[in-house]
Amino acid sequence: MHIRPASAVDARSLSELLNEIIALGGTTALKTLTKADMISWIVSNPAEYAFLIAEDERGEALGFQAIGPRKTLPPEACDIATFTRSGKAQLGIGSALFSATEKKAKALGYHWINATILNQNTGGQAYYQSRGFEPYKHTSERVFMRFLLH
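Scope of this entry: the structure provided in the associated data block. (Residues numbered from 1 in each chain as written. Predicted model: local features only at pLDDT ≥ 70, side-chain atom pairs only at ≥ 80, totals over all residues. Heavy atoms only, no water.)

Side note on the pattern of salt bridges
Heads up, the rule is: Should a side-chain nitrogen of Lys or Arg be within 4 Å of a carboxyl oxygen of Asp or Glu, the pair is scored as a salt bridge.
Taken as a whole and judged by the stated rule, the model has 10 salt bridges. For D56, the salt bridge is made with R58, and the minimal N-O distance between the two is 2.8 Å. Note that R70 is salt-bridged to D79, the shortest N-O span being 3.2 Å. Here the residues in one salt-bridge network are E20, D56, R58, E60 and R85, joined through shared partners.

Structural notes on the packing of aromatic side chains
Counted only if it meets this: Pairs were defined over the aromatic rings of Phe, Tyr and Trp, the Trp ring being its six-membered one, requiring ring centres within 6.5 Å. Orientation was assigned from the angle between planes: stacked under 30 degrees, edge-to-face over 60, tilted for the rest. A helix here means a DSSP run of H or I that spans at least four residues, while a strand means a run of E at least two residues long, and both kinds are numbered starting from the N terminus. Classification of residues uses two cut-offs on accessible area relative to the type maximum, computed with a 1.4 Å probe and protein chains only: under 20% is buried, over 50% is exposed, and between them is partly exposed. Placement of a positive charge over a ring is assigned whenever Lys NZ or Arg CZ falls within 6 Å of the ring centre and within 35 degrees of the normal to the ring plane.
Within this structure, the stated rule accounts for 11 aromatic pairs. Relative to F64, the ring of F51 lies with its centre 5.1 Å away and its plane at 15°, an arrangement referred to as stacked. Taken together, the positions of F51 in strand β2 (residues 50–55) and F64 in strand β3 (residues 61–68) put the pair 13 residues apart, joining distant regions of the chain. Judged by its relative accessible area of 6%, F51 falls in the buried class. With a centroid separation of 5.2 Å and an interplanar angle of 40°, the aromatic rings of F64 and F83 are classed as tilted. Here F83 lies in strand β4 (residues 77–84) and F64 lies in strand β3, a separation of 19 residues in the sequence. You'll find F64 and F83 in the same group, each marked buried. An aromatic cluster is present here, built from F98, Y127, Y128, F133 and F147 joined pairwise through their rings. Above the face of the W112 ring, R146 is positioned so that its terminal group lies 4.7 Å from the ring centre.

Description of the nonpolar core
Using the following cut-off: Among the buried residues, those of types Ala, Val, Leu, Ile, Met, Phe, Trp, Tyr and Cys that are joined through side-chain atoms within 4.5 Å form a nonpolar core. We call two residues in contact whenever any of their non-hydrogen atoms come within 4.5 Å of each other.
Formed by 18 residues in total, the largest nonpolar core has its most connected members in I80, I113, Y128 and F133. Looking at this core, the elements with two or more residues in it are β4, α3 (93–107), β5 (112–118), α4 (122–131) and β7 (142–148). Not counting residues within four places of it along the chain, the set of residues in contact with I113 comprises C78, I80, F98, A105, F133, M145, R146, F147 and L149. Counting 17 residues, the second largest nonpolar core, distinct from the first, contains L14, A61, F64 and A66.

Observations concerning the pairing of β7
To be explicit about the condition: Paired strands are those between which DSSP finds at least two bridges.
Here seven bridges tie β5 to β7, and the two strands are oriented antiparallel to one another. Among the inter-strand pairings, I113 is bridged to a residue of β7, identified as F147. Taken together, the four bridges between strand β6 (residues 134–138) and β7 define a ladder with antiparallel strand orientation. By the bridge assignment, H138 is partnered in β7 with V143.

Focus on the environment of R146
Here R146 shows up in strand β7. Between the C-alpha atom of R146 and that of I80, which follows or precedes it by 66 residues, the distance is 10.0 Å. Residues within four places of R146 in sequence aside, it is in contact with W112, I113, G132, F133, E134 and Y136.

This is a description of form; function is not addressed.
What follows is the structure, encoded as structure tokens:
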């Protein structure tokens, strides 16, 4: 497995991966994304955003992780989104992505990372907890978890 920064060239395969996850339901509040939506997300301001892709030895996208600011968070915090191809979640993809993302978040000057997870997404909650995230807020629909960068 190889982790690298995503580029606009990856938009088609990543939008397909994400739309497969959305279609399965229950793990993301996101709605269908087009290739153009994905390009916009990938090429967001590089001074504030990072977008990393995990791919296999053939170059197939296994998952991706993105961090960036969110209007509801203070400027020292970034939000994280993690997606892995259906059926590939237990292959260390998320661990490899987070290792690179944590370094990038520090380099961008963030002090902590926020993960907002649907309450029914127990797999997502377990993933973030296994990385060291701790819950700090709950609503009827979501749990908010925080990872302090040191």
